[in-house]
Amino acid sequence: MNTTRRALALAMISACGLLASCTTTKVNTPTAVPAATPPGVRPPVAPGTAVLVPPAAPREFRAVWVSTVANIDWPSKSNLNATQQQAEAIAILDRAKSMNMNAIVLQVRPSADAIYPSAIEPWTEYLTGTQGTPPRPLYDPLAFWVAQAHARGLQLHAWFNPYRARQTAAKSPAAANHISRANPAVVKSYGKYLWMDPGEASASQQTLNVVLDVVRRYDIDGVHIDDYFYPYPIEPTGAAGEALALESSTGKSEVDFPDSPSWQKYLASGGKLDRASWRRQNVNQLIERLYAGIHHEKSWVLFGISPFGLGKPALRPKGIAGFSQYDKLYADAELWLQNGWLDYLSPQLYWAIGQKPQAYDVLLDYWIGQNGRQRHIWPGLFTSRIGAPTKDYPPAEIVQQIGVTRSRAGASGHVHFSMAALMENRKGISDQLKAGHYAGPALIPATPWLGKSVPGAPQVRAKREPHGVSLKLAPGTANAQYAIWTRYGDQWRFAVTPAATDNLLLTDDPQLGAPSAVFVNAVDRLGNESAPVAVMGK
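Everything quoted here is computed from the prediction, not taken from an experiment.

Reading the values: the criteria
Residues numbered from 1 in each chain as written. Predicted model: local features only at pLDDT ≥ 70, side-chain atom pairs only at ≥ 80, totals over all residues. Heavy atoms only, no water. Buried < 20%, exposed > 50% of the residue type's maximum accessible area, 1.4 Å probe, protein only. Helix = DSSP H or I, 4+ residues; strand = E, 2+ residues; numbered from the N terminus. Axes fitted to C-alpha atoms, helices over the stretch in contact; angles between N-to-C directions. Left-handed = near helix turned anticlockwise from the far one by under 90°. Contact = heavy atoms within 4.5 Å. Pairing = 2+ DSSP bridges. Salt bridge = Lys/Arg side-chain N within 4 Å of Asp/Glu carboxyl O. Right-handed = clockwise from strand over helix to strand, strands pointing away. Expected span 1.5 Å × (residues − 1). Core = buried A, V, L, I, M, F, W, Y, C linked by side-chain atoms within 4.5 Å. Parallel < 35°, antiparallel > 145°, perpendicular 65-115°, else oblique. Nonpolar A, V, L, I, M, F, W, Y, C, P; charged D, E, K, R; others polar. pLDDT = per-residue confidence, 0-100. 1 Å grid on protein atoms, 1.4 Å probe; cavity = no way out; pocket = protein on both sides within 12 Å on 5 of 7 lines; lining within 4 Å. Points joined across faces, edges and corners; volume = space filled by probe spheres on them.

(A) Layout of the pairing of strand S4 (residues 155–160). Taking burial as the measure, the six residues of S4 include six buried ones, the bulk of the element. Judged by which residues are buried, S4 turns out to be covered on both faces: Gln 155, His 157 and Trp 159 on one side and Leu 156, Ala 158 and Phe 160 on the other are all buried.

Structure representation (structure tokens):
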């Protein structure tokens, strides 16, 4: 996009706010974003259904990262008992639900440890203060999160750090079954970190085993890995590489990752790649194996990656500059998109629209342009910069970034980092989102490359009550949620509820009276919709 066109586009978004708010509509719901069911395209109508049909369901991935490392988001402290931890989890889920969000990305493996009982890795210290010690009273936090999220109609994506073995804020000794003690030869000390060497086959195999163990044992909706492949380079002084990368600055010198033993083994085996290409191959092989392994276990579980937001230097748009994950983290995100080794990409676009060398809208367009396999593009937003001590964002920056994302046909959602900003309602951001972009619920975009089968239509019976219409619901085949359109006068209103819901009351409107029509669609775990079931009120 040239400078003039970009300026005009941003001006229109700023003037209009929500993408659809520039036009008048009597549908009381956010405009459907481009997805598997484009705006104006209605699902098939069951035989005998009235000609009157509702709009297409709004579609948008509205997610938030919930960090457990260093107790950033949950639990707030490492010495809370199980009851307190559960209360905090419920508060987070209730806030997400009240804001009409639809997914949680929960960090389950902060540093080669676990927030759930595992035969492979120890309990994380961020639950109890001591690695290897379970919560008291004993419970399974991941099972709790999954059940409570699903009860609220929220997806739960399990977030894994693929290679980090020890985080700088760790305070307790490593447990006996932590990889740094159980298999120390594959763990390297790098600055203040301990890091699993991606060049060691047993290290990558452990990550694969951990992920597939969770996929098998828990009813998660997605697997998510972040940007920690090879570590961010540090200076000899130990300066944090992540901070330098985000500010698009580099130190005068960098400490190379100490993987000489695995590199020499590769050469001795006849390997021909140069060292940088070999490192990228190590990461690529894990990504490919994760994608295949996850879908072999459960075809409906999405695999998402949230890499650093800047692409390969050779492919970047004019004017974009900064840290190269391709050369420094050995992450070839463009290749993963090209080969379809993921279901969604959430590039961490942690810069303002007006920051020209890393402009949000230009970077978003870049990643959309790399997406030849039409995977989901759901960029990461740095919402926690609102109220930060330095480089503070105004809430309007995040609001506008969502507007920019909605204006692109190739992007259909976003992920906030992190939940703390939304729980604290920093500078009113949660209120602004609820009143604007999140004024109504939305379905998660469909994932047709994993399955296109239409779920069975639900059975629905309606009964007139004194103050509304009650629905008695029974699920059909492969029903995960119900999408419900209700007509009051000339307005359509949209709602989503889990398929576990047996009874639902649609209350009369104080001004418009009783519903005149109700349509219920079943939605499966991949976002496919059934034919609508028509229920007439009055």
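We are not done yet, so read on.
(B) Broad picture of unusual backbone geometry. Here Trp 74 and Pro 75 are connected by a cis peptide whose omega angle stands at -20°. Relative to the helices and strands, Pro 75 is located in the loop between strand S2 (61–66) and helix H2 (82–98). In this structure, Ser 418 follows Phe 417 across a cis peptide bond, with omega equal to -5°. For Ser 418, the position within the fold is in the loop between strand S13 (413–416) and helix H14 (419–423). For Asn 71, which is not glycine, the phi torsion reads 55° and is therefore positive. The topology assignment puts Asn 71 in the loop between S2 and H2. The phi angle at Gln 374 is positive, at roughly 60°, despite the residue not being glycine.

(C) Focus on the packing of helix H12 (residues 360–369) against helix H13 (residues 395–406). The geometry of H12 relative to H13 is characterised by a closest axis approach of 10 Å and an angle of 30° between their N-to-C directions. By crossing handedness, the relation of H12 to H13 is classed as right-handed. Here H12 contributes Tyr 360, Asp 361 and Leu 364 to the contact with H13, which in turn contributes Gln 401, Val 404 and Thr 405.

(D) Inspection of the sheet that holds strand S6 (residues 187–190) at higher detail. Spatially, S5-S7-S6 is the arrangement adopted by the three strands of the open sheet, whose pairing is antiparallel. Among the strands making up the open sheet, the edge pair consists of strand S5 (164–166) and S6. Within the sheet, the average angular offset between the axes of one strand and its neighbour, ignoring direction, is 35°. Summarising the sheet, S6 and strand S7 (residues 193–196) pair through four bridges and their orientation is antiparallel. The residue of S7 that forms the bridge with Lys 188 is Trp 195.

(E) Molecular detail of the pattern of salt bridges. All told, the structure shown has 22 salt bridges when counted by the stated rule. Residues Glu 121 and Arg 109 are paired through a salt bridge, measuring 2.6 Å at the closest nitrogen-oxygen approach. Of this pair, Glu 121 sits in the loop between strand S3 (103–109) and helix H3 (125–128) while Arg 109 sits in strand S3, and the two are twelve residues apart along the sequence. Grouping residues by exposure puts Glu 121 and Arg 109 together as buried. One connected set of salt bridges, linked through shared partners, spans Asp 256, Asp 259, Arg 275 and Arg 279.

(F) Structural context of the pairing of S2. Among the six residues in S2, six count as buried, and that is most of the element. Here S2 shows a buried face lined by Phe 61, Ala 63 and Trp 65 and a second buried face lined by Arg 62, Val 64 and Val 66. Pairing between S2 and S13: four bridges, direction parallel. By the bridge assignment for S13, Val 64 is matched with His 416. Examined bridge by bridge, S2 and S3 share four bridges and lie parallel to one another. Following the sheet pairing, Val 66 is matched in S3 by Leu 106. Crossover handedness for the path S2 to H2 to S3: right-handed.

(G) Region of interest: helix H6 (residues 201–217). The first and last C-alpha atoms of H6 sit 24 Å apart over 17 residues, in line with the 24 Å expected at 1.5 Å per residue. Along H6, the positions that sit buried rather than exposed are Ala 203, Ser 204, Gln 206, Thr 207, Leu 208, Val 210, Val 211, Leu 212, Asp 213, Val 214 and Val 215.

(H) Representation of the nonpolar core within the structure. Counting residues in each nonpolar core, the largest one holds 121 residues, and the members touching the most others are Ile 104, Tyr 116, Trp 145, Phe 160, Ile 220, Phe 303 and Trp 336. Look past the residues within four positions of Phe 303 in its chain and what remains in contact with it is Val 223, Ile 225, Ile 287, Leu 290, Tyr 291, Ile 294, Trp 341, Leu 342, Asp 343 and Tyr 344. Leu 473, Ile 484, Ala 499 and Val 520 belong to the second-largest nonpolar core, a separate cluster that totals 13 residues.

(I) Just the environment of Thr 486, in detail. Along the polypeptide, Thr 486 turns up in strand S16 (residues 481–488). Sequence separation of Thr 486 and Val 535 is 49 residues, and the distance between their C-alpha atoms is 9.3 Å. If we ignore the near neighbours within four places in the chain, the residues touching Thr 486 are Gln 491, Trp 492, Arg 493, Leu 506, Pro 515, Ala 517 and Val 518.

(J) Looking closely at the environment of Ser 189. Mapped onto the secondary structure, Ser 189 falls in strand S6. Between the alpha carbons of Ser 189 and Pro 258 there is a distance of 7.9 Å; along the sequence they are 69 residues apart. Beyond its immediate chain neighbours, meaning those up to four positions away, Ser 189 contacts Leu 194 and Pro 258.

(K) Fine view of the sheet that holds S2. Strand order across the open sheet formed by nine strands is S11-S10-S9-S8-S4-S3-S2-S13-S12, with parallel pairing between neighbours. Each edge of the open sheet is held by one strand with a lone partner, namely strand S11 (376–377) and strand S12 (380–381). H13 contacts S2, S12 and S13 of the sheet and is inclined by roughly 155° relative to S13.

(L) Geometry of the packing of H6 against helix H9 (residues 275–297). Where H6 meets H9, the axes come as close as 10 Å, and the angle between the chain directions of the two elements is 25°. The angle between H6 and H9 falls in the class roughly parallel. Crossing handedness for the pair H6 and H9: right-handed. Residue-level contacts link Ser 204, Gln 205, Thr 207, Leu 208, Val 211, Leu 212, Val 215 and Arg 216 of H6 to Leu 286, Arg 289, Leu 290, Gly 293, Ile 294 and Glu 297 of H9. Each residue belonging to the contact of H6 with H9 can be placed in one class, and the counts come to seven nonpolar, four polar and three charged.

(M) View of the confidence of the model for the chain. Per-residue confidence for the chain gives a mean pLDDT of 90; residues scoring 70 or more make up 88%. Here residues 7–45 scores under 50 on pLDDT; set against residues more than four positions off or in separate chains, the count is 75 contacts. In the model, residues 47–51 has pLDDT below 50 throughout and makes three contacts with residues more than four positions away in sequence or in other chains.

(N) Highlighting the layout of surface pockets. By volume, the largest pocket is sized at about 970 Å³. Lining the largest pocket are 39 residues; nearest its centre among them are Ile 72, Tyr 228, Glu 242, Phe 382 and Phe 417. For the lining of the largest pocket, the leading source of residues is helix H7 (residues 241–246), giving three residues. Residues belonging to the lining of the largest pocket are distributed by class as follows: 20 nonpolar, twelve polar and seven charged.

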